[in-house]
Amino acid sequence: MCKVLDVSECGYYAWLKRKPSKRSVETQKLVEQIVEIHNHSNQSYGSPRITIERKARGFQCSRPRVARLMRHAQIRSRVAGKFVVTTHSDHDFEFSPTLLAHDFSNGQLSRAWVSDITSIATAKGWLYLTVVIDLGDRRVIGWSMISGMKASQTVISTLKMALKNRAPRLGTIFDSDHGIQYSGDEFRKMLAQNPELKQSMSHKGDCWDNAVAESFFKTLKVENIYGRNFETLVSGES
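Residues numbered from 1 in each chain as written. Predicted model: local features only at pLDDT ≥ 70, side-chain atom pairs only at ≥ 80, totals over all residues. Heavy atoms only, no water.

**Here's the deal with the packing of aromatic side chains**
Given two aromatic rings, their pairing is described by the distance between the two centres and the angle made by the two planes. A complete count under the given rule lists three aromatic pairs for this structure. Relative to F187, the ring of F174 lies with its centre 5.5 Å away and its plane at 50 degrees, an arrangement referred to as tilted. Taken together, the positions of F174 in strand β4 (residues 172–176) and F187 in helix α8 (residues 185–192) put the pair 13 residues apart, joining distant regions of the chain. On the basis of relative accessible area, F187 is assigned to the buried category, the value being 0%. One aromatic cluster is present, built from ring pairs that chain together F174, Y182 and F187. (Phe/Tyr/Trp six-rings, centres within 6.5 Å; stacked < 30°, edge-to-face > 60°. Helix = DSSP H or I, 4+ residues; strand = E, 2+ residues; numbered from the N terminus. Buried < 20%, exposed > 50% of the residue type's maximum accessible area, 1.4 Å probe, protein only.)

**What to know about the pattern of salt bridges**
Under the defined criterion, the tally for this structure stands at three salt bridges. For D134, the salt bridge identified is with R166, shortest N-O distance 3.0 Å. Here R166 lies in the loop between α6 (155–165) and β4 and D134 lies in strand β2 (residues 125–134), a separation of 32 residues in the sequence. R166 shares its class with D134; the two are buried. A salt bridge links D137 to R166; the shortest N-O distance between them is 3.0 Å. (Salt bridge = Lys/Arg side-chain N within 4 Å of Asp/Glu carboxyl O.)

**Structural notes on a positive patch on the surface**
Taken together, the side chains of R23, R63, R68 and R71 present a region of like positive charge at the surface. Broken down by element, the positive patch gets its largest block of residues, three residues, from helix α5 (residues 63–72). Judged by relative accessible area, which is 59%, R71 ranks as exposed. (Patch = residues over 30% accessible without salt bridge, like charges linked within 9 Å, V, L, I, M, F, W, Y side chains within 5 Å. Areas by Shrake-Rupley, 256 points an atom, 1.4 Å probe, with all protein chains shown as cover. Lys, Arg positive; Asp, Glu negative; His and termini not counted. Charge placed at Lys NZ, Arg CZ, Asp CG, Glu CD.)

**Observations regarding the nonpolar core**
Within the largest apolar cluster, 17 residues are counted, with the highest numbers of intra-cluster contacts made by W113, V155, L159, F174, Y182 and F187. Elements represented by at least two residues in this core include exactly β1 (112–122), β2, α6, α8 and β5 (197–201). Examining the composition of this core, we find that four residues originate from one element, α6, more than from any other. Residues L100, I133, L135 and V212 belong to the second largest nonpolar core, which totals 12 residues. (Core = buried A, V, L, I, M, F, W, Y, C linked by side-chain atoms within 4.5 Å.)

**Observations concerning the packing of α6 against α8**
At a closest axis distance of 10 Å, the pairing of α6 and α8 adopts a crossing angle of 20 degrees. Regarding the angle of α6 to α8, the classification is roughly parallel. Like other packed secondary-structure pairs, α6 and α8 cross with a definite hand, here right-handed. Between α6, through V155, I156, L159, K160 and L163, and α8, the contact on the second element is made entirely by E186, F187, M190 and L191. Partitioning the contact of α6 with α8 into residue classes produces seven nonpolar, no polar and two charged. (Axes fitted to C-alpha atoms, helices over the stretch in contact; angles between N-to-C directions. Parallel < 35°, antiparallel > 145°, perpendicular 65-115°, else oblique. Left-handed = near helix turned anticlockwise from the far one by under 90°. Contact = heavy atoms within 4.5 Å. Nonpolar A, V, L, I, M, F, W, Y, C, P; charged D, E, K, R; others polar.)

**Focus: the environment of M161**
Residue position: M161 is located in helix α6. Taking relative accessible area as the criterion, M161 reaches 29% and is therefore assigned partly exposed. Separated by 18 residues in the primary sequence, M161 and W143 place their C-alpha atoms 7.0 Å from one another. Beyond its immediate sequence surroundings of up to four residues, M161 is in contact with I141, G142 and W143.

Structure (structure tokens):
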């Protein structure tokens, strides 16, 4: 083989015993991290999002280098083939007025609660996560995660938990989108039984009115990459 490669025998055996360079070891660790993050994202992350996740973990690396290593390892992002809609606002129920008006100020508990529903892909299929967040301290005071989307399974069970964990005060704003779960008679009946709560609905098509809940859902996805379960996240434990 040495004759074929036109190298000396001593040079060949020296190469076999040579330790990997620092750059090679660093590259190997980087590829392993890329594979880990890519797999935890259900193979949906490309080089930009993988670069962001590595920086969130405290590792600096340029996006071009991540992209180059992904190409070399034949790692590609997989585009989701299905989008699950959680907000069904095409209904005949009445919409409540907008009371929150983008006021997300902190420090005052039970001044305003915000709620939203999102879909989460799991090994058992799509689940629907509903949360109620107190803007006073940005804590999740109520939540449910289930395969159904009925009001009793989502918003009602979540609000029951919120009321158990934290008492509202007179005039507490309960803000949500125009989804049928929040607009339907079943949920409005529950609100009527808790007159301290004043129902508010964000402007249709205005993503900023629900920014706090959306921000939480994005954080949840990042935390999932680190292997922290949902119960740990909402409890505020490290």
